[in-house]
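# Secondary and tertiary structure notes
The residues making up each chain are set out below.
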Amino acid sequence: MPEFPHLPLPRKESGSFKPPRRRIDFEMSPITQGNLSNRVAYGRALERKADQILAFWQATRQQDRENELPELPDEETIPVLLKVDTDLFKTDSLFDMGIEVIAEEDDGFIIGAAADNFTALKDKITKFINDRSGRSKQIAELWEIVDGTRWRLDYILSPELNAQWESIADNDYIIVDVSIACGYKIPAEPAQKRNESRAAFERRYENWQARKARIEQHQAELEETRQADFDAFLGRIGANKLSAFVSLSDSFSCRIRVKGWALKFLVLKYQYVFDVTEYDSLIYAHPMTGAQVEIEVGLEAPDEEDPAICVIDSGIQQEHRMIAFSLDSSASRSYLPGVTDTSDGVADGGHGTKVAGAVIFGSEVPKGSDFKSQVWVQNARVLEDNKLMPQTLFPPELMETIVRDYAETKLFNLSITSFRPCRTTHMSEWAASIDKLMWDRRVLFFIATGNIARDSVRTANNPGIRDHIIGGRNYPGYLFERSSRISNPAQSCFALTVGSICASEFDDADRESIGKIGEPSSFTRTGPGLWGMIKPDVVEVGGDWIREKVAQPNLSTLPETCTEVIKTTLGNGNSIGYDIGTSFCAPKVAHIAGRIYKEVSENPILIRALIAQSARLPRPKLYTPTIDHLRTYGYGVPNLQRATGNTAERITLTAESTISAKQAEIYSIRIPESIRAAGNEYEVMIEVTLSYIAEPRRTRRKIDSYLSTWLDWHTSKLGENFDRFRRRIIQYIDEDQLPNPPPGSDGDLIHWKIRERNDWGDVHGIKRQDSSLQKDWVILRAFELPSEFSIAVVGHKGWEKDITKEVPFALTVSFEVLGQEVPIYELIRVENEIEIEQPLEVEAFPQLDF
């Protein structure tokens, strides 16, 4: 145990959470207002549009039958695109209009499937037209029913597939990943009515539970039926299914090989498809410098009970003297079809071997002393020697298989990403499957952000670094181009996504490093992630390119600006070399996770929180962060010492619990007067990190629709005691947002750097609660600290209607004196009467310390 271990966070109370009652006045859109003011004309126009779409669908299906094209399941079901008022319209209300919600899209567009020839919709329209009371407003919030079929291409296809759509010949074979929706409307949980007896409410609640259970059973049956129907449909169009179905709560996906004509028929006619993406092979293009060094060091295996980290990559050179001592060779597996060899045959020193070395050694390969490993490495080979994943391996299915096969393993490193930036409307099949695994299996993935290539890869809209420079888009500006966005599956909501910073810098008469020491690497992909999530979560040292000082530079590498890696020794190569890439950043963070697992906690949710809590932006960015800093660094560089322990000048308190929607867990820490005394001018940084997971679903967008329950945290004001804070948090009201006054309206507010709204904190354009890993910090003078610091974790309703279902979370709070030696650890521990065990020394490795 470290000399200054993390301590338990004192919990004061838990209970029902509802924020203070306030009236929310939406400024009604002029479009909705116009529809309300002209009910008859607007209602009739919607009816005519529905009739036109129905007639078009029936005519085209008749033509398809005459051309002997395959049958569809549910022939009478009509695919439809609607546009709604995003402020007022309730998406699930479409089910009451006879329209199944297939997927939510950007800007209020919703893909649906009407199963009753628009009968239920027309009934709603008729009631809207004839409503003399003016209370019926829902149809006014339904702005448009889109005709034609072009929208199918724009909303269902990936941009790359859409761009080449017209050039796909009927007999061309193409491999695509297809996603199919299968959702039901779950009724909302009932609330007790005013003057309703407890017994009467409980009877209603039991009836709701029974109804919900029946609907969930129907949904399971619907998925089974829809999968069987889709299998039959694939047979009719001559498509080959290359993977099993991978299921989420509201959809399933698979990989298929299909002819061009059949793909077009599927996309334009299959009613329940919402995402079709061209197969994207996975590859690396990291350079090797050729500069190597030999070391002699005594290597000792981990203890038998030490944690294992599974490396999902190109295989590992298992007999390598820098790897073998820490390898769990009994757990090596190849997932390549027909291949049992698990070795790393990638040229230029391998790839999986380099990743495994970073998992074992972390930030620095030891050279001057003996080394005892703290983690076991497991080898899951998924890439061929050419660094490609076979087309028959469907990543979502593969992730499920690997996590199932490594059932005792909790930590997985994935330095494999797509060529391209991730899409931003829906979570991809791959990322969503990883999120589901982390929910179901309580595991943690570490994923590289992916690299911007040296030169363009495959398409003009995916430029490389040289293309940017030649085009006048210089570093670091091009890092914020849409094409530089993190790659699939780095957008995963629950995974720790890791970017890269420079190890050092170089400059001579002819060449210079693109970035400087501690700055973002010139190749690192950037955030934010989907729906405003802070991505990457953290960064590590991954090196950088050297460029010529000319307009159209060649890019190369030097040992000075690379990160040290363990190389394969095939062809009598040396054991140690140099390379660059985010691939070698993710395993360095996985190494820290392994150490936390061994020394602090085996809970992946707390491990994730402690890594973020230990991370720090370089100064002066720590004091004045911007949205661009969060897009490149995330929360900064994690630190092994801070993640696993503290110092006399730093104390970290942690909590692990579960919570449901409309509940709050409240904690409180007393700050000794000796720290807060007048005249104490030294700086104290307060850091708070909340980490949680929930059940995901894929057809919706935004975090509150993607997750079954979502969480955030709130703290007391500087002059607010616990009782006042408690009364502010725990109240019986129906809203789901805690109103805080904007900055400047209350001098007692703690001015956190990020805050609950994207225009309140120092960082504008992003907010804490859009991420499932929520860190924030503030730097105060010691005399400004409150006598009691209270914090509440609050549960909010997502898509799950049963608000009693709990989700797990971990919360960490740290206080650290900056720049002076003030022993606050012991002062705060004693003030809060927290006992600790007898400390033991723990080994530590040097790191960049921001």
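An account of the accompanying structure is given in this report. (Residues numbered from 1 in each chain as written. Predicted model: local features only at pLDDT ≥ 70, side-chain atom pairs only at ≥ 80, totals over all residues. Heavy atoms only, no water.)

## Re the packing of helix α2 (residues 39–66) against helix α3 (residues 119–130)
Operational definition: In this description, a line fitted to the C-alpha atoms serves as the axis of each element, helices being fitted only across the stretch in contact, and the angle between N-to-C directions of two axes falls anywhere from 0 to 180 degrees. Only DSSP runs of H or I covering at least 4 residues are called helices, and only runs of E covering at least 2 are called strands; the numbering of each starts at the N terminus. Small angles under 35 degrees read as roughly parallel and large ones over 145 as roughly antiparallel, with 65 to 115 read as roughly perpendicular and the rest as oblique. Two helices crossing with the near one rotated counterclockwise from the far one by less than a right angle form a left-handed crossing, whereas a clockwise rotation gives a right-handed crossing. Note on contacts: a residue pair is in contact if any heavy atoms of the two residues lie within 4.5 Å. Classification used: nonpolar for Ala, Val, Leu, Ile, Met, Phe, Trp, Tyr, Cys and Pro, charged for Asp, Glu, Lys and Arg, polar for all others including Gly.
Two elements in contact, α2 and α3, have axes separated by 9 Å at closest approach and are oriented at 165°. With respect to α3, the axis of α2 lies roughly antiparallel. With respect to the hand of their crossing, α2 and α3 are arranged in left-handed fashion. Facing α2, whose interface residues are Arg 39, Val 40, Tyr 42, Gly 43, Arg 44, Leu 46, Glu 47, Ala 50 and Asp 51, α3 presents Lys 122, Ile 125, Thr 126, Phe 128 and Ile 129. Broken down by class, the residue content of the contact of α2 with α3 amounts to 7 nonpolar, 2 polar and 5 charged.

## A word on unusual backbone geometry
In this model, Lys 535 is joined to Pro 536 through a cis peptide bond whose omega is -5°. Mapped onto the secondary structure, Pro 536 falls in the loop between β20 (511–513) and β21 (538–541). For the bond from Arg 619 to Pro 620, the omega torsion is 0°, close enough to zero to count as cis. Phi is positive for Asp 74, close to 55°, though the residue is something other than glycine. The topology assignment puts Asp 74 in the loop between α2 and β3 (78–84).

## Comments concerning the packing of aromatic side chains
The line we're drawing: Aromatic rings from Phe, Tyr and Trp, taking only the six-membered ring of Trp, are treated as a pair when their centres fall within 6.5 Å; an angle between ring planes under 30 degrees marks them as stacked, one over 60 as edge-to-face, and anything in between as tilted. Between buried and exposed lies partly exposed: a residue is buried under 20% and exposed over 50% of the maximum accessible area for its type, with that area taken using a 1.4 Å probe on protein chains only. Two thresholds decide whether a charge sits over a ring: the Lys NZ or Arg CZ must be within 6 Å of the ring centre and within 35 degrees of the ring normal.
A complete count under the given rule lists 20 aromatic pairs for this structure. Seen in terms of ring centroids, Phe 233 and Tyr 270 are 4.8 Å apart; in terms of plane orientation they differ by 45°. Their pairing is tilted. Within this pair, whereas Phe 233 is found in helix α6 (residues 198–236), its partner Tyr 270 is found in the loop between α7 (260–269) and β11 (273–278), the two being separated by 37 residues in sequence. When sorted by exposure, Phe 233 lands in the same class as Tyr 270, which is buried. Between Phe 361 and Phe 371, the aromatic rings sit 4.9 Å apart at their centres with planes inclined by 50°, giving tilted as the arrangement. Taken together, the positions of Phe 361 in helix α8 (residues 352–361) and Phe 371 in strand β15 (residues 371–372) put the pair 10 residues apart, joining distant regions of the chain. Among the residues examined, Phe 361 registers a relative accessible area of 1% and is labelled buried. Judged by relative accessible area, which is 2%, Phe 371 ranks as buried. Three or more aromatic residues link up through ring pairs in this structure, and these residues are Phe 230, Phe 233, Phe 245, Phe 252, Phe 265, Tyr 270 and Tyr 272. In this arrangement the basic side chain of Lys 264 is found over the ring face of Trp 165, its NZ or CZ atom lying 6.0 Å from the centre.

## Some remarks on helix α12 (residues 586–599)
Let me state the cut-off plainly: What a helix is expected to span follows from its residue count: subtract one and scale by 1.5 Å.
The first and last C-alpha atoms of α12 sit 20 Å apart over 14 residues, in line with the 20 Å expected at 1.5 Å per residue. The element α12 is largely enclosed, with a buried count of 12 among its 14 residues. For α12, the set of buried residues is Ala 586, Pro 587, Lys 588, Val 589, Ala 590, His 591, Ile 592, Ala 593, Gly 594, Arg 595, Ile 596 and Tyr 597.

## Observations regarding the pairing of strand β5 (residues 109–114)
Quick reminder of the rule: Pairing between strands requires that DSSP locate at least two bridges from one strand to the other.
With 6 of 6 residues buried, β5 is to be regarded as a mostly interior element. Burial of the side chains of β5 extends over both faces: Phe 109, Ile 111 and Ala 113 are buried on one face and Ile 110, Gly 112 and Ala 114 on the other. Where β3 meets β5, 6 bridges bridge the pair, whose relative direction is antiparallel. Bridged to Ile 78 within β5 is Ala 114. Pairing of strand β4 (residues 99–104) with β5, which is carried by 5 bridges, proceeds in the antiparallel orientation. Bridge pairing in β5 links Val 101 to Gly 112. Between the end of β4 and the start of β5, which pair antiparallel, lie 4 residues, with Asp 107 showing a positive phi angle near 60°.

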